[in-house]
Amino acid sequence: MVRENNASSPISTLPAELLIHIFKSFLAAAASPPQAPCVKIDMSPLLCLTRVCHRWRDVAIAYPAFWTTVDNNNMSQLGEFARRSCNLPLTMFLTVEEQIEDAHTILRYLGERISILSLTLLRKSFDISTLLKCIKTDHLECLTVAFDSTVRFQANWGQPVSICYHPLGSPVSNGLSALALRPVAPWFPTDHFPNLTHMYLSVNHSLKHVSQPMIIKLLKQMPQLEFLHFKCSEGFGQGALGDHRSIATLPRLQSCTFVGGELNPYFPLLSNLSLPQDVWIRVSDTMPDPFESESEPILLPPLLVVDQVTHAEAALRDRDQYFIAEGPTGGIWFDTYIDDQGADRWDRWTSCFLETLSRLTSLNVSISDSAGIWGLLTNAPELVHLGIRLPFHWPK
(Lines give C-alpha, C1' and ligand atoms only; values in the text may rest on other atoms or scores of the structure.)
Protein backbone atom coordinates (compact mmCIF):
# COMPACT_ATOMS: atom_id res chain seq x y z
CA MET A 1 0.00 0.00 0.00
CA VAL A 2 2.78 2.44 0.92
CA ARG A 3 4.63 1.65 -2.30
CA GLU A 4 1.47 2.28 -4.33
CA ASN A 5 0.92 5.62 -2.58
CA ASN A 6 4.52 6.66 -3.24
CA ALA A 7 4.23 5.64 -6.88
CA SER A 8 1.18 7.86 -7.34
CA SER A 9 2.79 10.97 -5.80
CA PRO A 10 3.76 13.78 -8.24
CA ILE A 11 7.51 13.50 -7.59
CA SER A 12 7.43 9.82 -8.49
CA THR A 13 6.33 10.75 -11.99
CA LEU A 14 9.55 12.68 -12.65
CA PRO A 15 11.90 11.01 -15.13
CA ALA A 16 15.06 9.47 -13.72
CA GLU A 17 17.26 12.09 -15.42
CA LEU A 18 15.51 14.90 -13.55
CA LEU A 19 15.67 13.03 -10.26
CA ILE A 20 19.42 12.58 -10.70
CA HIS A 21 19.80 16.32 -11.29
CA ILE A 22 17.86 16.99 -8.04
CA PHE A 23 20.00 14.44 -6.19
CA LYS A 24 23.20 16.13 -7.42
CA SER A 25 22.03 19.52 -6.16
CA PHE A 26 21.14 18.02 -2.78
CA LEU A 27 24.47 16.22 -2.43
CA ALA A 28 26.43 19.33 -3.40
CA ALA A 29 24.63 21.38 -0.75
CA ALA A 30 25.17 18.69 1.90
CA ALA A 31 28.83 18.02 1.07
CA SER A 32 31.45 18.47 3.79
CA PRO A 33 35.23 18.01 3.53
CA PRO A 34 36.75 14.89 5.08
CA GLN A 35 38.18 15.32 8.55
CA ALA A 36 41.81 14.42 9.25
CA PRO A 37 43.71 12.58 10.54
CA CYS A 38 41.45 9.53 10.22
CA VAL A 39 39.81 10.49 6.98
CA LYS A 40 36.23 9.30 6.75
CA ILE A 41 33.90 10.27 3.97
CA ASP A 42 30.44 11.36 5.08
CA MET A 43 28.17 9.31 2.83
CA SER A 44 25.06 9.78 5.00
CA PRO A 45 23.39 12.27 2.57
CA LEU A 46 23.72 9.80 -0.32
CA LEU A 47 22.58 6.84 1.77
CA CYS A 48 19.65 8.92 3.02
CA LEU A 49 18.42 9.29 -0.57
CA THR A 50 18.33 5.52 -0.99
CA ARG A 51 16.03 5.13 2.03
CA VAL A 52 13.22 7.44 0.95
CA CYS A 53 11.48 4.98 -1.36
CA HIS A 54 12.21 2.08 -3.69
CA ARG A 55 12.27 4.24 -6.82
CA TRP A 56 14.69 6.74 -5.37
CA ARG A 57 16.89 3.87 -4.24
CA ASP A 58 16.81 2.25 -7.68
CA VAL A 59 17.60 5.54 -9.43
CA ALA A 60 20.49 6.40 -7.09
CA ILE A 61 22.04 2.93 -7.17
CA ALA A 62 21.79 2.79 -10.95
CA TYR A 63 23.82 6.03 -11.32
CA PRO A 64 27.50 4.93 -10.96
CA ALA A 65 28.95 8.42 -10.53
CA PHE A 66 27.32 8.72 -7.09
CA TRP A 67 29.47 5.87 -5.76
CA THR A 68 32.96 6.83 -6.93
CA THR A 69 34.21 8.40 -3.65
CA VAL A 70 35.36 5.76 -1.18
CA ASP A 71 37.42 5.29 1.98
CA ASN A 72 38.71 2.30 3.93
CA ASN A 73 36.93 2.93 7.23
CA ASN A 74 34.24 0.40 6.30
CA MET A 75 35.52 -2.44 4.14
CA SER A 76 32.10 -3.86 3.30
CA GLN A 77 30.90 -0.42 2.21
CA LEU A 78 34.08 0.02 0.16
CA GLY A 79 33.38 -3.18 -1.75
CA GLU A 80 29.73 -2.28 -2.37
CA PHE A 81 30.58 1.23 -3.56
CA ALA A 82 33.24 -0.18 -5.90
CA ARG A 83 30.64 -2.52 -7.39
CA ARG A 84 27.98 0.20 -7.79
CA SER A 85 30.44 2.59 -9.44
CA CYS A 86 30.99 0.04 -12.21
CA ASN A 87 34.26 0.87 -13.98
CA LEU A 88 34.32 4.63 -13.38
CA PRO A 89 37.51 6.22 -11.96
CA LEU A 90 37.57 6.33 -8.15
CA THR A 91 38.46 9.00 -5.61
CA MET A 92 39.91 7.16 -2.62
CA PHE A 93 40.74 8.38 0.89
CA LEU A 94 43.02 5.78 2.40
CA THR A 95 44.12 5.83 6.04
CA VAL A 96 47.25 3.76 6.71
CA GLU A 97 47.93 2.76 10.31
CA GLU A 98 50.46 0.32 11.78
CA GLN A 99 48.91 -2.59 9.89
CA ILE A 100 49.33 -1.86 6.19
CA GLU A 101 48.19 -5.18 4.75
CA ASP A 102 44.65 -3.89 4.18
CA ALA A 103 46.00 -0.89 2.27
CA HIS A 104 48.06 -3.17 0.02
CA THR A 105 45.03 -5.35 -0.63
CA ILE A 106 42.83 -2.38 -1.51
CA LEU A 107 45.35 -0.90 -3.95
CA ARG A 108 45.98 -4.25 -5.60
CA TYR A 109 42.24 -4.73 -6.03
CA LEU A 110 41.24 -1.18 -7.07
CA GLY A 111 44.54 0.45 -8.04
CA GLU A 112 43.82 0.48 -11.77
CA ARG A 113 40.63 2.49 -11.20
CA ILE A 114 41.92 5.13 -8.79
CA SER A 115 42.33 8.60 -10.33
CA ILE A 116 42.51 10.61 -7.07
CA LEU A 117 44.26 9.12 -4.03
CA SER A 118 44.59 10.77 -0.62
CA LEU A 119 46.85 8.89 1.78
CA THR A 120 46.78 9.73 5.48
CA LEU A 121 49.66 8.00 7.26
CA LEU A 122 49.49 7.41 11.01
CA ARG A 123 52.88 5.79 11.44
CA LYS A 124 56.37 7.27 11.67
CA SER A 125 58.37 4.81 9.60
CA PHE A 126 56.93 4.00 6.24
CA ASP A 127 58.21 3.75 2.67
CA ILE A 128 55.30 5.01 0.59
CA SER A 129 56.86 3.75 -2.64
CA THR A 130 56.24 0.14 -1.57
CA LEU A 131 52.55 0.90 -1.25
CA LEU A 132 52.24 2.75 -4.54
CA LYS A 133 53.92 -0.12 -6.40
CA CYS A 134 50.53 -1.81 -6.15
CA ILE A 135 49.29 0.73 -8.73
CA LYS A 136 50.36 -0.66 -12.08
CA THR A 137 48.85 1.93 -14.44
CA ASP A 138 49.22 5.66 -15.11
CA HIS A 139 45.55 6.41 -14.39
CA LEU A 140 46.37 8.11 -11.06
CA GLU A 141 46.06 11.86 -11.68
CA CYS A 142 46.13 13.37 -8.19
CA LEU A 143 48.10 12.12 -5.16
CA THR A 144 48.04 13.59 -1.66
CA VAL A 145 50.28 12.22 1.08
CA ALA A 146 49.40 13.60 4.51
CA PHE A 147 50.92 12.69 7.84
CA ASP A 148 48.95 13.09 11.03
CA SER A 149 50.05 16.31 12.74
CA THR A 150 50.63 14.36 15.98
CA VAL A 151 53.32 12.21 14.34
CA ARG A 152 56.76 13.69 15.05
CA PHE A 153 59.51 12.51 12.73
CA GLN A 154 62.27 12.19 15.31
CA ALA A 155 64.46 9.20 16.01
CA ASN A 156 65.31 10.57 19.46
CA TRP A 157 64.10 13.60 21.34
CA GLY A 158 65.26 16.71 19.56
CA GLN A 159 67.09 14.78 16.81
CA PRO A 160 65.63 15.07 13.30
CA VAL A 161 65.38 11.92 11.25
CA SER A 162 67.16 11.46 7.95
CA ILE A 163 65.41 11.69 4.61
CA CYS A 164 65.07 8.56 2.49
CA TYR A 165 64.92 8.88 -1.29
CA HIS A 166 62.65 6.48 -3.16
CA PRO A 167 60.88 6.75 -6.54
CA LEU A 168 57.13 6.50 -6.80
CA GLY A 169 57.53 4.39 -9.91
CA SER A 170 57.04 5.39 -13.54
CA PRO A 171 53.37 4.30 -13.88
CA VAL A 172 52.41 6.64 -11.03
CA SER A 173 54.73 9.56 -11.77
CA ASN A 174 53.97 9.59 -15.50
CA GLY A 175 50.23 10.02 -14.99
CA LEU A 176 50.21 12.49 -12.10
CA SER A 177 48.99 16.01 -12.77
CA ALA A 178 48.78 17.05 -9.08
CA LEU A 179 50.96 16.09 -6.11
CA ALA A 180 50.66 17.24 -2.48
CA LEU A 181 53.06 16.28 0.32
CA ARG A 182 51.75 17.58 3.65
CA PRO A 183 54.18 17.55 5.22
CA VAL A 184 57.20 15.98 3.58
CA ALA A 185 57.67 12.63 5.28
CA PRO A 186 61.01 10.94 5.96
CA TRP A 187 60.76 10.07 2.26
CA PHE A 188 61.36 12.24 -0.78
CA PRO A 189 60.37 11.42 -4.38
CA THR A 190 63.10 11.17 -7.00
CA ASP A 191 60.92 10.60 -10.08
CA HIS A 192 60.52 12.59 -13.26
CA PHE A 193 56.98 14.04 -13.44
CA PRO A 194 56.41 14.84 -17.13
CA ASN A 195 52.73 15.83 -16.76
CA LEU A 196 52.61 17.39 -13.29
CA THR A 197 50.94 20.84 -13.26
CA HIS A 198 50.07 21.34 -9.55
CA MET A 199 52.46 20.90 -6.61
CA TYR A 200 51.90 21.46 -2.88
CA LEU A 201 54.87 20.92 -0.58
CA SER A 202 54.97 21.37 3.19
CA VAL A 203 58.11 20.96 5.29
CA ASN A 204 57.71 19.66 8.83
CA HIS A 205 59.72 21.52 11.45
CA SER A 206 61.53 18.35 12.59
CA LEU A 207 62.80 17.51 9.09
CA LYS A 208 65.72 19.90 9.07
CA HIS A 209 67.57 17.92 6.41
CA VAL A 210 65.19 19.34 3.80
CA SER A 211 67.17 22.02 2.00
CA GLN A 212 66.91 24.30 -1.00
CA PRO A 213 69.03 22.06 -3.27
CA MET A 214 66.56 19.24 -2.58
CA ILE A 215 63.64 21.46 -3.56
CA ILE A 216 65.40 22.68 -6.70
CA LYS A 217 66.29 19.13 -7.69
CA LEU A 218 62.65 18.10 -7.29
CA LEU A 219 61.32 21.08 -9.28
CA LYS A 220 63.73 20.31 -12.13
CA GLN A 221 61.75 17.09 -12.63
CA MET A 222 58.49 19.01 -13.26
CA PRO A 223 58.83 20.82 -16.61
CA GLN A 224 55.05 21.32 -17.02
CA LEU A 225 54.43 22.78 -13.56
CA GLU A 226 51.89 25.62 -13.52
CA PHE A 227 51.01 26.07 -9.82
CA LEU A 228 53.45 25.75 -6.90
CA HIS A 229 52.58 26.16 -3.21
CA PHE A 230 55.38 25.73 -0.70
CA LYS A 231 54.91 25.92 3.07
CA CYS A 232 57.79 25.69 5.52
CA SER A 233 58.84 26.38 9.09
CA GLU A 234 62.00 27.77 10.64
CA GLY A 235 63.81 24.51 9.91
CA PHE A 236 64.12 25.17 6.17
CA GLY A 237 67.78 25.31 5.22
CA GLN A 238 69.48 27.13 2.37
CA GLY A 239 72.09 24.53 1.54
CA ALA A 240 74.55 25.17 -1.28
CA LEU A 241 73.05 27.08 -4.19
CA GLY A 242 74.43 29.28 -6.90
CA ASP A 243 75.71 26.78 -9.43
CA HIS A 244 74.09 27.30 -12.84
CA ARG A 245 73.34 23.57 -12.90
CA SER A 246 71.01 24.15 -9.93
CA ILE A 247 68.60 26.26 -11.97
CA ALA A 248 65.10 24.79 -12.23
CA THR A 249 63.38 25.96 -15.43
CA LEU A 250 59.60 26.22 -15.11
CA PRO A 251 58.42 27.90 -18.34
CA ARG A 252 54.69 27.22 -17.75
CA LEU A 253 54.47 28.38 -14.13
CA GLN A 254 51.53 30.73 -13.51
CA SER A 255 51.44 31.01 -9.72
CA CYS A 256 54.14 30.50 -7.10
CA THR A 257 53.33 30.82 -3.38
CA PHE A 258 55.72 30.49 -0.43
CA VAL A 259 54.31 30.57 3.10
CA GLY A 260 55.97 30.65 6.51
CA GLY A 261 59.49 30.63 7.91
CA GLU A 262 62.13 33.31 7.47
CA LEU A 263 61.94 35.55 4.44
CA ASN A 264 65.63 35.67 3.54
CA PRO A 265 66.10 32.02 2.39
CA TYR A 266 63.45 32.55 -0.28
CA PHE A 267 65.61 35.02 -2.20
CA PRO A 268 68.34 32.52 -3.19
CA LEU A 269 65.62 29.93 -3.83
CA LEU A 270 63.81 32.27 -6.23
CA SER A 271 67.12 33.22 -7.81
CA ASN A 272 67.56 29.57 -8.79
CA LEU A 273 64.22 29.40 -10.57
CA SER A 274 63.87 30.34 -14.22
CA LEU A 275 60.32 31.64 -14.47
CA PRO A 276 58.24 33.32 -17.21
CA GLN A 277 57.50 37.04 -17.06
CA ASP A 278 53.75 36.48 -16.60
CA VAL A 279 54.05 34.56 -13.31
CA TRP A 280 52.49 35.73 -10.04
CA ILE A 281 54.71 35.20 -6.97
CA ARG A 282 53.67 35.56 -3.34
CA VAL A 283 55.90 35.20 -0.25
CA SER A 284 53.61 35.38 2.74
CA ASP A 285 53.52 35.12 6.54
CA THR A 286 57.28 35.31 6.94
CA MET A 287 59.74 36.77 9.45
CA PRO A 288 63.06 38.55 8.92
CA ASP A 289 66.32 36.84 9.72
CA PRO A 290 67.24 37.87 13.32
CA PHE A 291 70.94 37.83 12.33
CA GLU A 292 70.43 39.86 9.20
CA SER A 293 73.36 42.17 8.49
CA GLU A 294 72.48 45.85 8.30
CA SER A 295 75.06 46.37 5.55
CA GLU A 296 73.96 43.45 3.36
CA PRO A 297 71.70 44.61 0.50
CA ILE A 298 68.28 43.03 0.03
CA LEU A 299 67.49 42.89 -3.66
CA LEU A 300 64.65 41.23 -5.46
CA PRO A 301 65.69 38.06 -7.31
CA PRO A 302 66.70 38.57 -10.98
CA LEU A 303 63.42 37.36 -12.42
CA LEU A 304 61.77 38.37 -15.69
CA VAL A 305 58.64 39.43 -13.81
CA VAL A 306 60.70 41.92 -11.79
CA ASP A 307 62.02 43.53 -14.97
CA GLN A 308 58.43 44.18 -16.12
CA VAL A 309 57.24 45.92 -12.93
CA THR A 310 55.80 49.41 -13.44
CA HIS A 311 53.57 49.75 -10.33
CA ALA A 312 54.44 49.16 -6.67
CA GLU A 313 52.68 49.47 -3.33
CA ALA A 314 54.29 49.44 0.11
CA ALA A 315 52.62 49.49 3.51
CA LEU A 316 53.70 49.32 7.14
CA ARG A 317 51.08 48.58 9.79
CA ASP A 318 52.35 48.03 13.33
CA ARG A 319 54.74 45.10 12.78
CA ASP A 320 53.36 43.92 9.46
CA GLN A 321 55.19 44.99 6.32
CA TYR A 322 53.81 44.60 2.79
CA PHE A 323 55.42 45.14 -0.57
CA ILE A 324 53.64 44.54 -3.89
CA ALA A 325 55.16 45.00 -7.35
CA GLU A 326 53.11 44.46 -10.50
CA GLY A 327 53.67 44.54 -14.23
CA PRO A 328 51.29 44.15 -17.17
CA THR A 329 51.00 40.36 -16.83
CA GLY A 330 52.70 39.33 -13.57
CA GLY A 331 53.84 40.49 -10.19
CA ILE A 332 55.44 39.71 -6.86
CA TRP A 333 54.07 40.11 -3.31
CA PHE A 334 55.91 40.04 0.02
CA ASP A 335 54.40 40.31 3.47
CA THR A 336 56.47 39.80 6.58
CA TYR A 337 56.42 40.35 10.32
CA ILE A 338 59.11 42.74 11.54
CA ASP A 339 60.62 43.20 14.98
CA ASP A 340 61.22 46.24 17.19
CA GLN A 341 63.51 47.72 14.54
CA GLY A 342 60.49 48.15 12.29
CA ALA A 343 61.16 51.69 11.08
CA ASP A 344 64.83 51.00 10.28
CA ARG A 345 64.00 47.76 8.52
CA TRP A 346 61.21 49.49 6.57
CA ASP A 347 63.52 52.21 5.24
CA ARG A 348 66.23 49.74 4.30
CA TRP A 349 63.94 47.14 2.73
CA THR A 350 61.83 49.47 0.65
CA SER A 351 64.80 51.47 -0.66
CA CYS A 352 66.58 48.23 -1.65
CA PHE A 353 63.48 46.82 -3.32
CA LEU A 354 62.80 49.98 -5.29
CA GLU A 355 66.40 50.10 -6.44
CA THR A 356 65.71 46.80 -8.23
CA LEU A 357 62.66 48.18 -10.07
CA SER A 358 64.17 50.22 -12.88
CA ARG A 359 60.91 50.79 -14.78
CA LEU A 360 58.74 51.93 -11.88
CA THR A 361 56.31 54.68 -12.87
CA SER A 362 53.62 54.40 -10.16
CA LEU A 363 54.02 54.07 -6.38
CA ASN A 364 51.51 54.04 -3.51
CA VAL A 365 52.77 54.12 0.08
CA SER A 366 50.97 53.70 3.41
CA ILE A 367 53.13 54.11 6.50
CA SER A 368 52.99 54.27 10.28
CA ASP A 369 54.09 57.02 12.62
CA SER A 370 57.79 56.23 12.83
CA ALA A 371 58.58 55.29 9.23
CA GLY A 372 60.17 57.60 6.74
CA ILE A 373 59.15 58.12 3.13
CA TRP A 374 61.88 60.13 1.46
CA GLY A 375 64.21 57.16 1.10
CA LEU A 376 61.61 55.60 -1.19
CA LEU A 377 61.88 58.33 -3.77
CA THR A 378 65.63 58.42 -4.28
CA ASN A 379 65.64 55.29 -6.46
CA ALA A 380 62.65 55.98 -8.71
CA PRO A 381 63.85 58.33 -11.48
CA GLU A 382 60.96 57.46 -13.86
CA LEU A 383 58.20 57.86 -11.27
CA VAL A 384 55.10 59.58 -12.65
CA HIS A 385 52.43 58.87 -10.02
CA LEU A 386 52.99 58.99 -6.25
CA GLY A 387 50.33 58.33 -3.62
CA ILE A 388 51.11 58.63 0.10
CA ARG A 389 48.77 57.75 2.95
CA LEU A 390 49.92 59.24 6.25
CA PRO A 391 48.68 58.31 9.73
CA PHE A 392 46.32 60.71 11.48
CA HIS A 393 48.92 61.74 14.07
CA TRP A 394 51.75 62.26 11.58
CA PRO A 395 54.19 64.76 13.18
CA LYS A 396 54.09 68.20 11.59
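In short, a report on the structure. These numbers were taken from a predicted model, which means no experiment stands behind them. (Residues numbered from 1 in each chain as written. Predicted model: local features only at pLDDT ≥ 70, side-chain atom pairs only at ≥ 80, totals over all residues. Heavy atoms only, no water.)

In terms of helices and strands, the protein carries 13 helices and 20 strands. A total of 396 residues make up the protein; the buried ones form 49% of that total. Restricting to contacts in the protein with at least 6 residues of sequence separation, those with at least 24 account for 67%. Approximately 19900 Å² of the protein is accessible, and the part contributed by carbon and sulfur atoms is 54%. (Helix = DSSP H or I, 4+ residues; strand = E, 2+ residues; numbered from the N terminus. Buried < 20%, exposed > 50% of the residue type's maximum accessible area, 1.4 Å probe, protein only. Contact = heavy atoms within 4.5 Å. Areas by Shrake-Rupley, 256 points an atom, 1.4 Å probe, with all protein chains shown as cover.)

With that out of the way, let us pick up the packing of aromatic side chains. In the structure shown here, the tally under the stated rule is seven aromatic pairs. Where phenylalanine 23 meets phenylalanine 66, the ring centres are 6.5 Å apart and the plane angle is 50°; that geometry is what we call tilted. Taken as a pair, phenylalanine 23 in helix α2 (residues 16-30) and phenylalanine 66 in the loop between α4 (54-61) and β1 (69-71) lie far apart in primary sequence, 43 residues in all. By the burial criterion, phenylalanine 23 is buried, and phenylalanine 66 matches it. (Phe/Tyr/Trp six-rings, centres within 6.5 Å; stacked < 30°, edge-to-face > 60°.)

Most of strand β3 (residues 114-121) is tucked away: seven of the eight residues are buried. The sheet contact formed by strand β2 (residues 90-96) and β3 spans seven bridges and is parallel. Looking across to β3, one finds that threonine 95 is bridged to threonine 120. Pairing between β3 and strand β4 (residues 142-147): six bridges, direction parallel. Within the sheet, the bridge partner assigned to threonine 120 lies in β4 and is alanine 146. (Pairing = 2+ DSSP bridges.)

If you trace the backbone, leucine 132 turns up in helix α7 (residues 128-132). Residue classification places leucine 132 among the buried positions, given a relative accessible area of 0%. Those residues in contact with leucine 132, other than ones at most four positions away along the chain, are Leu117, Leu119, Leu143, Leu168 and Val172.

Under the defined criterion, the tally for this structure stands at four salt bridges. Salt-bridge contacts for arginine 84 lead to glutamate 80; the nearest nitrogen and oxygen are separated by 2.9 Å. One end of the pair, arginine 84, and the other, glutamate 80, are both in helix α5 (residues 75-84), four residues apart, so they sit about a helical turn from each other. Arginine 84 sits in the buried class, given a relative accessible area of 12%. Note that arginine 282 and aspartate 335 form a salt bridge whose closest N and O atoms lie 3.5 Å from each other. Of the two residues, arginine 282 sits in strand β15 (residues 280-286) while aspartate 335 sits in strand β18 (residues 331-337), which places them 53 residues apart along the sequence. In the salt-bridge network here, residues are joined through shared partners; they are Glu80, Arg83 and Arg84. (Salt bridge = Lys/Arg side-chain N within 4 Å of Asp/Glu carboxyl O.)

Further remarks concern a nonpolar patch on the surface. The grouping of Leu386, Ile388 and Leu390 at the surface amounts to a nonpolar patch, some 230 Å² of accessible area in total. Following the sequence through the fold, isoleucine 388 ends up in strand β20 (residues 385-389). (Patch = residues over 30% accessible without salt bridge, like charges linked within 9 Å, V, L, I, M, F, W, Y side chains within 5 Å.)

Moving on to the environment of phenylalanine 193. By the element assignment, phenylalanine 193 lies in the loop between β9 (187-188) and β10 (198-202). Residues phenylalanine 193 and valine 172, 21 residues apart in the sequence, show an inter-C-alpha distance of 9.0 Å. Non-local contacts of phenylalanine 193, meaning those with residues more than four positions away in its chain, are made with Leu168, Ser173, Leu176, Leu179, Leu218, Gln221, Met222 and Pro223.

Bridge count for strand β8 (residues 178-182) against β10 is four bridges, and the pairing is parallel. Note on β10: the bridge partner recorded for alanine 178 is histidine 198. Sheet topology note: the β10/strand β11 (residues 227-231) ladder contains five bridges and is parallel. By the bridge assignment, serine 202 is partnered in β11 with lysine 231.

This part takes up the side chain of serine 85. With respect to the helices and strands, serine 85 occurs in the loop between α5 and β2. On the basis of relative accessibility, which here comes to 0%, the residue serine 85 falls in the buried class. Non-local contacts of serine 85, meaning those with residues more than four positions away in its chain, are made with Pro64, Trp67, Thr68, Leu90 and Arg113.

By secondary structure assignment, the location of methionine 214 is in helix α9 (residues 212-219). Residue classification places methionine 214 among the buried residues on the basis of a relative accessible area of 10%. Along the primary structure methionine 214 and serine 246 are separated by 32 residues, whereas in three dimensions their C-alpha atoms are 9.9 Å apart.

On to the nonpolar core, then. Counting residues in hydrophobic clusters, the biggest one holds 97 residues, and the most contacted among them are Met92, Leu117, Leu119, Leu143, Met199, Phe258 and Leu357. Setting aside residues up to four positions removed in sequence, methionine 92 forms contacts with Val70, Leu78, Ile106, Leu107, Leu110, Ile114, Ile116, Leu117 and Ser118. (Core = buried A, V, L, I, M, F, W, Y, C linked by side-chain atoms within 4.5 Å.)

It is worth spelling out helix α6 (residues 101-110) at this point. Since the α-helix packs 3.6 residues into each turn, any two residues three or four apart lie on the same face. Regarding α6, the residues found buried are Ala103, His104, Ile106, Leu107 and Leu110. Buried residues of α6 fall within an arc of 165° about the axis and therefore sit on the same side. Turned more than 90 degrees from where α6 packs its buried face, Arg108 and Tyr109 sit exposed. Contacts from the buried residues of α6 go to α5, β2, β3 and α7. (Arc of directions from axis to C-beta.)

Moving on, we come to the packing of α2 against α4. Where α2 meets α4, the axes come as close as 10 Å, and the angle between the chain directions of the two elements is 80°. On the basis of their axis angle, the class for α2 and α4 is roughly perpendicular. Contacts from Ala16, Leu19, Ile20 and Phe23 in α2 reach Arg55, Trp56, Val59 and Ala60 in α4. (Axes fitted to C-alpha atoms, helices over the stretch in contact; angles between N-to-C directions. Parallel < 35°, antiparallel > 145°, perpendicular 65-115°, else oblique.)

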